[in-house]
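Observations on chain architecture
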Amino acid sequence: MDSYSGTPHTLTRYDDDINALRTMLMNMGGVAEQHFADALAYLLDGDEERGARALNQDYEINRMESSIDELAIQIIARYSPMANDLRTIMSVVKAITDLERIGDKSEKMARIAEEIGPILRHTDFIGHLRVMGRIVGGMMHDALDAFVRLDTIAAEEIIRRDTHVNEEYNAVHRVLLKYMNENPNSADVGLRILSCMRAIERVGDHCTNIAEYVIFQQKGADVRHSNISGDKQRTQI
């Protein structure tokens, strides 16, 4: 560590606390990743067992977020970290906010699956949602992996990959609006399909955020408005 000096005993404890913080983040990431996969399985395939998990997993994610927040505050108050270590702590605190929101979106998809899952699975939109879900699920796994390995090259690739999600979203958005105009009696179903699309797209945005924190940790640079992400295709509202 290059930003905290103390006795060998306190240095060991400091290292242990930083490592614990990162481990807790990865545990939370694993739960969030499973939550999203379970919600998709319920929505796209009607897997009721995984759906039941998806409807009840958000509590665990919220509990883990609170525990990580508490440890981060204790580390800052106890050691006053600077430089790389402070960026690590800040990145973890930001990342758990994104993971918590991924949990919220996953629960939302599971609840929509309860309402219109059987209808949705007999529409042409199911294929688009499956493609979006596959891309975003891969982004989440790779973003968490890049966070562990502090791999900035992988992080930059993940940020660019979000463009594919947005392109798929925009393509199906146009088709969905046409479907709703031609089938006014199906407007309620159409709006719920739109909510699912938007939820998956937003999860992709949160994965992009996590990838950006990797670059922030390693380079101290905020790339949210840089050329890496600035040319991404925007989504329709």
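The structure displayed is predicted, hence computed values, not measured ones.

**Here's the deal with the packing of aromatic side chains**
Tallied over the full model, the rule gives two aromatic pairs. Ring geometry for Tyr14 versus Tyr79: centroids 4.8 Å apart, planes at 55°, classification tilted. Of the two residues, Tyr14 sits in helix α1 (residues 8–45) while Tyr79 sits in helix α3 (residues 58–79), which places them 65 residues apart along the sequence. The exposure class assigned to Tyr79 is buried, which follows from its relative accessible area of 5%. With a centroid separation of 5.3 Å and an interplanar angle of 80°, the aromatic rings of Phe125 and Tyr179 are classed as edge-to-face.

**Quick look at unusual backbone geometry**
For Ser80, which is not glycine, the phi torsion reads 50° and is therefore positive. Although it is not a glycine, Leu150 sits at a positive phi angle of roughly 55°. Mapped onto the elements of the fold, Leu150 is located in the loop between α5 (125–149) and α6 (152–182). Judged by its relative accessible area of 26%, Leu150 is partly exposed.

**Considerations on helix α7 (residues 187–219)**
Three or four residues apart is the spacing at which side chains of an α-helix point the same way, because the helix has 3.6 residues per turn. With 33 residues, α7 extends 48 Å between its outermost C-alpha atoms, agreeing within 8% with the 48 Å of an ideal straight helix rising 1.5 Å per residue. The first or second residue beyond α7 is Gly220, which carries a positive phi of 70°.

**Considerations on the pattern of salt bridges**
Going through the model one piece at a time under the given rule, you end up with 15 salt bridges. Between Asp38 and Arg50 there is a salt bridge, with the nearest N and O atoms lying 2.6 Å from each other. Of the two residues, Asp38 is situated in helix α1 and Arg50 in helix α2 (residues 48–56); the sequence distance between them amounts to 12 residues. The partly exposed category is assigned to Arg50, whose relative accessible area is 25%. Between Asp142 and Arg161 there is a salt bridge, with its nearest N and O atoms 3.0 Å apart. On the criterion of sequence distance, the pair formed by Asp142 in helix α5 and Arg161 in helix α6 is long-range, its members being 19 residues apart. One continuous salt-bridge network, built from bridges that share partners, spans Asp38, Arg50 and Arg53.

**Observations regarding the packing of α3 against helix α4 (residues 83–120)**
A pair of packed helices is characterised by two quantities: the angle between their axes and the separation of those axes. Between α3 and α4, the shortest axis-to-axis distance is 10 Å and the interhelical angle comes to 170°. One finds that α3 runs roughly antiparallel with respect to α4. Only Ile89, Val92, Val93, Ile96, Thr97, Leu99, Glu100, Gly103, Asp104 and Glu107 of α4 make contact with α3, whose side of the interface consists of Asp58, Ile61, Asn62, Glu65, Ile68, Asp69, Ala72, Ile75 and Ile76.

About the cut-offs
- Residues numbered from 1 in each chain as written.
- Predicted model: local features only at pLDDT ≥ 70, side-chain atom pairs only at ≥ 80, totals over all residues.
- Heavy atoms only, no water.
- Phe/Tyr/Trp six-rings, centres within 6.5 Å; stacked < 30°, edge-to-face > 60°.
- Helix = DSSP H or I, 4+ residues; strand = E, 2+ residues; numbered from the N terminus.
- Buried < 20%, exposed > 50% of the residue type's maximum accessible area, 1.4 Å probe, protein only.
- Expected span 1.5 Å × (residues − 1).
- Salt bridge = Lys/Arg side-chain N within 4 Å of Asp/Glu carboxyl O.
- Axes fitted to C-alpha atoms, helices over the stretch in contact; angles between N-to-C directions.
- Parallel < 35°, antiparallel > 145°, perpendicular 65-115°, else oblique.
- Contact = heavy atoms within 4.5 Å.

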